[in-house]
Amino acid sequence: DQQVKQNSPSLSVQEGRISILNCDYTNSMFDYFLWYKKYPAEGPTFLISISSIKDKNEDGRFTVFLNKSAKHLSLHIVPSQPGDSAVYFCAAKRSRGPDKLIFGTGTRLQVFP
Amino acid sequence: EAGVAQSPRYKIIEKRQSVAFWCNPISGHATLYWYQQILGQGPKLLIQFQNNGVVDDSQLPKDRFSAERLKGVDSTLKIQPAKLEDSAVYLCASSLSGSPFEQYFGPGTRLTVT
């Protein structure tokens, strides 16, 4: 039972353009969402998060949008840079109760010059 | 600030052998997590410690996996005996108590079982 889904295994974007990574979830109890970035041979690194009381959170070039009714969130990277090339994981959790992060399967982003 | 340390980085063993992984969390982080990441999948939580007590081990295959966190700092994860399907990257993460939303990950140990 995949509670967090990232349906696009890969994405290729030209440098300077916008990258949009998508994530869907099925558990309506999730109320906190995070994006992690992972380079090869390294552990995931926290990127940005959003609480369900918001529908947008911005941090520099990174913006996360949350659509609770659709159980969908997206990560926008503008402008995309070659250093953004990595695997991006969406994760979800409940702010109360079990502390467990549920991860999606990841999307590999490649930003080319 | 030093990050989460893990060793070894790579390990190759034959099935039915045993293996152990070590993790040293960020200083002051009371919560420690072990994740298993199989190729092509996201990390899956195996066990969570709060100080030296287990908070969640519901997805730990207890017939072959064990973990401990003595003195509430370092932790070891053991597999005995290993199976082919245990081939994965084992990630350790830590977080501050009371601030569980952001977990800091170590580089992981890549285990190959042949």
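The text that follows walks through the structure, step by step, so that each part is easy to find. The written sequence of each chain sets the order in which its residues are numbered from 1. For naming, the first written chain is A and the first written ligand is 1, with later ones following in the order written. Whole-chain, interface and lining totals are the exception, using all residues; otherwise, since this is a predicted model, local features are given only for residues with pLDDT of at least 70 and side-chain atom pairs are given and counted only at 80 or more. Only hydrogens and water are removed before side-chain values are computed, so all heavy atoms of the structure are retained for them.

## Comments concerning a nonpolar patch on the surface
Residues and elements named next belong to chain A.
At step 1: Residues enter patches when they are more than 30% accessible in relative terms and free of salt bridges; like-charged ones are connected within 9 Å and nonpolar ones (Val, Leu, Ile, Met, Phe, Trp, Tyr) within 5 Å. Reported accessibility uses the Shrake-Rupley method at a 1.4 Å probe radius. Residues are deemed covered only where the shown protein chains occlude them. We define a salt bridge as a contact between a side-chain nitrogen of Lys or Arg and a carboxyl oxygen of Asp or Glu at a distance within 4 Å. Together, Ile18, Ile20 and Val78 line one region of the surface with nonpolar side chains, adding up to about 230 Å² of accessible area.
At step 2: Strands are runs of DSSP state E lasting at least two residues, helices are runs of H or I lasting at least four, and both sets are numbered from the N terminus onward. Topologically, Ile20 is positioned in strand E3 (residues 19-25).
At step 3: Under the scheme applied here, a residue whose accessible area is under 20% of the maximum for its type counts as buried, over 50% as exposed, and between as partly exposed, the area being computed with a 1.4 Å probe on protein chains only. The partly exposed category is assigned to Ile20, whose relative accessible area is 37%.

## Considering the packing of aromatic side chains
At step 1: Pairing of aromatic rings covers Phe, Tyr and Trp, the last through its six-membered ring, and needs centres within 6.5 Å; plane angles under 30 degrees mean stacked, over 60 mean edge-to-face, and all others mean tilted. This structure, assessed with the given rule, holds 12 aromatic pairs over all chains.
At step 2: Residues Tyr36(A) and Phe105(B) carry aromatic rings whose centres are separated by 5.5 Å and whose planes lie at 85° to one another, so their mutual orientation is edge-to-face. You can see Tyr36(A) sitting in strand E4 (residues 32-38) and its partner Phe105(B) sitting in strand E10 (residues 104-105), one on each of two chains. Pair check on accessibility: Tyr36(A) and Phe105(B) agree, each one buried.
At step 3: Residue classification places Phe105(B) among the buried residues on the basis of a relative accessible area of 11%.
At step 4: Ring pairs connect the aromatic residues Tyr36(A), Phe46(A), Phe89(A), Phe103(A), Tyr33(B), Tyr35(B) and Phe105(B), which therefore count as one cluster.

## Structural notes on the interface of chain B and chain A
At step 1: Each side of the interface is counted separately: chain B has 23 residues, and chain A has 18 residues.
At step 2: The contact between chain B and chain A buries some 1600 Å² in all, and 58% of this surface belongs to carbon and sulfur atoms.
At step 3: For the salt bridge of Asp56(B) with Lys100(A), the shortest nitrogen-to-oxygen distance reads 3.6 Å.
At step 4: N or O atoms within 3.5 Å of each other form a polar contact, as long as, within protein, one can give a hydrogen and the other can take it, and as long as residues adjacent in sequence are counted only when both atoms are side-chain atoms. Taken together, the connections running from chain B to chain A amount to 5 residue pairs in polar contact (both at pLDDT 80 or more).
At step 5: Within the residue set of the side of chain B that touches chain A, elements represented by two or more residues are strand E4 (31-37) and strand E5 (44-50) of chain B.
At step 6: No other element matches the 4 residues that E4(B) contributes to the side of chain B that touches chain A.
At step 7: Three residue categories are used. Nonpolar comprises Ala, Val, Leu, Ile, Met, Phe, Trp, Tyr, Cys and Pro, charged comprises Asp, Glu, Lys and Arg, and polar comprises the others, including Gly. Its residues assigned to classes, the side of chain B that touches chain A shows 10 nonpolar, 10 polar and 3 charged. The contact criterion used throughout is that any non-hydrogen atoms of two residues lie within 4.5 Å. In this description, buried area is defined as the sum, over both parts, of the accessible area (probe of 1.4 Å) that is lost when the two are combined.

## Focus on the nonpolar core
In a soluble, globular protein the nonpolar side chains are often hidden away together inside.
At step 1: Residues grouped as a nonpolar core are buried Ala, Val, Leu, Ile, Met, Phe, Trp, Tyr and Cys residues, joined through side-chain atoms within 4.5 Å. Counting 24 residues, the largest nonpolar core has Phe33(A), Trp35(A), Leu73(A), Leu75(A) and Tyr88(A) as its most contacted members.
At step 2: Residue assignment for this core shows that the elements contributing at least two residues are E3, E4, strand E5 (45-51), strand E7 (62-67), strand E8 (72-77), strand E9 (86-93) and strand E11 (107-112) of chain A.
At step 3: In contact with Tyr88(A), not counting residues within four places along its chain, are Gln6(A), Leu21(A), Trp35(A), Tyr36(A), Lys37(A), Leu47(A), Leu75(A), Ile77(A), Gly106(A), Thr107(A) and Leu109(A).
At step 4: By size, the runner-up hydrophobic cluster in this structure holds 21 residues, among which are Val4(B), Phe21(B), Phe65(B) and Val113(B).

## So, the pairing of E5(A)
Side-chain direction in a regular strand flips from residue to residue, so the side chains alternate between the two faces of the sheet.
At step 1: As paired strands, E4(A) and E5(A) are joined by 6 bridges and run antiparallel to one another. Bridge assignment links Tyr36(A) to a residue of E5(A), and that residue is Phe46(A). Two strands make a pair as long as DSSP finds a minimum of two bridges between them.

## So, the sheet that holds strand E1 (residues 5-7) of chain B
Residues and elements named next belong to chain B.
At step 1: As summarised here, the arrangement of the 4 strands in space is E1-E3-E8-E7, forming an open sheet in which the pairing is antiparallel. Unpaired on one side and paired on the other, E1 and strand E7 (65-68) mark the two borders of the sheet. Mean inter-strand twist for the sheet, computed between neighbouring axes without regard to direction, equals 15°.
At step 2: In this structure, strand E3 (residues 19-24) lies alongside strand E8 (residues 75-79), joined through 5 bridges in antiparallel fashion. Within the sheet, the bridge partner assigned to Cys23 lies in E8 and is Ser75. Between the N-to-C directions of two axes lies an angle of 0 to 180 degrees, each axis being a line fitted to C-alpha atoms and, for a helix, fitted only over the stretch in contact.

## Some remarks on the environment of Lys44(B)
All names here are of chain B.
At step 1: Mapped onto the fold, Lys44 is located in strand E5.
At step 2: Between the C-alpha atoms of Lys44 and Asp57, which are 13 residues apart in sequence, the distance is 11 Å.
At step 3: Discounting chain neighbours no more than four positions away, the residues touching Lys44 are Trp34, Tyr35, Gln36 and Gln59.

## Section: the state of the cysteines
At step 1: Here, a disulfide means two cysteine sulfur atoms that sit within 2.5 Å of each other. Per the stated rule, a full pass over the model turns up 2 disulfides over all chains.
At step 2: Sulfur-sulfur distance for the disulfide between Cys23(A) and Cys90(A) comes to 2.1 Å. Between Cys23(A) and Cys90(A), the S-S torsion sits near -70°, and that sign places the bridge as left-handed. Taken together, the positions of Cys23(A) in strand E3 and Cys90(A) in strand E9 put the pair 67 residues apart, joining distant regions of the chain. Residues Cys23(A) and Cys90(A) agree in their burial class; the two are buried.
At step 3: The partner cysteine of Cys23(B) in its disulfide is Cys92(B), sulfur to sulfur 1.9 Å.

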